[in-house]
Amino acid sequence: MHRSVPHFAPGADRYSAKNMAKPVPFTLFAPQAGEVFLTGDWNDWDPVAQPMKQQPDGAWRVEIPLNHGHHHYLFMVDGKPTLDPRAQGIARDHQGRKVSLIAVS
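All values derive from a computational prediction rather than experimental measurement.

Procedures and definitions
- Residues numbered from 1 in each chain as written.
- Predicted model: local features only at pLDDT ≥ 70, side-chain atom pairs only at ≥ 80, totals over all residues.
- Heavy atoms only, no water.
- Core = buried A, V, L, I, M, F, W, Y, C linked by side-chain atoms within 4.5 Å.
- Buried < 20%, exposed > 50% of the residue type's maximum accessible area, 1.4 Å probe, protein only.
- Helix = DSSP H or I, 4+ residues; strand = E, 2+ residues; numbered from the N terminus.
- Contact = heavy atoms within 4.5 Å.
- Salt bridge = Lys/Arg side-chain N within 4 Å of Asp/Glu carboxyl O.
- Polar contact = N/O pair within 3.5 Å; in protein donor to acceptor, adjacent residues only side chain to side chain.
- Phe/Tyr/Trp six-rings, centres within 6.5 Å; stacked < 30°, edge-to-face > 60°.
- Lys NZ or Arg CZ within 6 Å of the ring centre and 35° of its normal.

Asker: Whenever I open this one, the nonpolar core confuses me. Can you help?
Answerer: Across soluble globular proteins, you tend to see nonpolar side chains buried next to one another. Ranked by size, the top nonpolar core spans 17 residues in total, and within it Phe26, Val36, Leu38, Met52 and Phe75 carry the most contacts. Within the residue set of this core, elements represented by two or more residues are β1 (22-29), β2 (36-40), β5 (59-66), β6 (69-77) and β9 (98-104). Considering each element in turn, this core owes the most residues, four residues, to β5. In contact with Leu38, not counting residues within four places along its chain, are Phe26, Asn43, Asp46, Gln50, Met52, Val62, Ile64, Tyr73, Leu74 and Phe75.

And the structure:
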């Protein structure tokens, strides 16, 4: 039995795992918050681009497709920038502010 080996054309590597967006869940426990948004380097720090949905337990959740690499982000809790207490790390943005860090692989 002969198996054909798939042929990948030049440029096909743009579909490699490295360049594929992967759904990444973000969760923040803030039961008293009126509204929570997720802002980060993937949406040019737009404070209202990605609203989070409150869950029955009081946590806020959203899933964002992110590419491989390190990303900086903050939660906007009732308009106030808030670090993620469960972040993988803390970094500083270009203005020197502390931001949360996530690594996507």
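Asker: Any chance you could explain the pattern of salt bridges here in plain terms?
Answerer: If charged atoms from side chains of opposite charge come close, those side chains can pair. With the rule as written, the count across this model stands at two salt bridges. As a salt-bridge pair, Arg61 and Glu63 come within 3.5 Å of each other at their nearest N and O atoms. Assessed through its relative accessible area of 34%, Arg61 is described here as partly exposed. Where Arg97 meets Asp93, a salt bridge forms, and the shortest distance between an N and an O atom there is 2.7 Å. For Asp93, a relative accessible area of 8% gives the class buried.

Asker: I tried to follow the side chain of Ser100 on my own but got confused; where do I start?
Answerer: Counting through the fold element by element, Ser100 comes out in strand β9. A polar contact of 2.8 Å, which involves the side chain of Ser100, links it to the backbone nitrogen of Asp84. Residues contacting Ser100, with those up to four places away along its chain left out, are His71, His72, Tyr73, Leu74, Leu83, Asp84, Ala87 and Gly89.

Asker: How should the packing of aromatic side chains be read in this particular structure?
Answerer: Given two aromatic rings, their pairing is described by the distance between the two centres and the angle made by the two planes. Inspection of every chain in the model, using the stated rule, returns four aromatic pairs. Look at Phe26 and Tyr73: their rings are 4.9 Å apart centre to centre, the planes differ by 70°, and that puts the pair in the edge-to-face class. Of this pair, Phe26 sits in strand β1 while Tyr73 sits in strand β6, placing them 47 residues apart in sequence. In this pair, the class of Phe26 matches that of Tyr73, namely buried. Between Trp42 and Tyr73, the aromatic rings sit 6.4 Å apart at their centres with planes inclined by 40°, giving tilted as the arrangement. Taken together, the residues Trp42 in the loop between β2 and β3 (50-51) and Tyr73 in strand β6 connect sequence positions 31 residues apart. One Lys or Arg, Arg97, reaches over the ring of Trp45 and ends 6.0 Å from the middle of that ring.

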